[in-house]
Amino acid sequence: MLGGGLVGLAILFFVLALIFAILGARGVAGMTMSVAKWLVIIFIVLAVISLLL
């Protein structure tokens, strides 16, 4: 459940980053892209931990 939510949020932030980049707001696009990156990293860590336990 939690992992699917993280992936959904990461995709949402990635799409927002693309929209902001198209509109020319590079600072906001970079910030949302870094949030998406961290959400994916957290998802991968949690997935590995759940597979090991």
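This is a predicted model, so every value here is computed, not measured. (Residues numbered from 1 in each chain as written. Predicted model: local features only at pLDDT ≥ 70, side-chain atom pairs only at ≥ 80, totals over all residues. Heavy atoms only, no water.)

A. Main features of the UniProt feature "transmembrane region" (unreviewed entry) in the chain. UniProt records the feature "transmembrane region" (unreviewed entry) for residues 6–23 and 35–52 in the present numbering. In residues 6–23, the share of helix is 100% and the share of strand is 0%. The end C-alpha atoms are 26 Å apart. Structurally, residues 35–52 comprises 100% helix and 0% strand, and the distance from its first C-alpha atom to its last is 26 Å. (UniProt positions renumbered as here; feature names shortened; annotations may be inferred. Helix = DSSP H or I, 4+ residues; strand = E, 2+ residues; numbered from the N terminus.)

B. Geometry of the side chain of Thr-32. By secondary structure assignment, the location of Thr-32 is in helix H2 (residues 26–52). You can call Thr-32 buried: its relative accessible area is 6%. Separated by 3.0 Å, the side chain of Thr-32 and the backbone oxygen of Ala-29 make a polar contact. Setting aside chain neighbours within four positions, we find Thr-32 in contact with Phe-13, Leu-16, Ala-17 and Phe-20. (Buried < 20%, exposed > 50% of the residue type's maximum accessible area, 1.4 Å probe, protein only. Polar contact = N/O pair within 3.5 Å; in protein donor to acceptor, adjacent residues only side chain to side chain. Contact = heavy atoms within 4.5 Å.)

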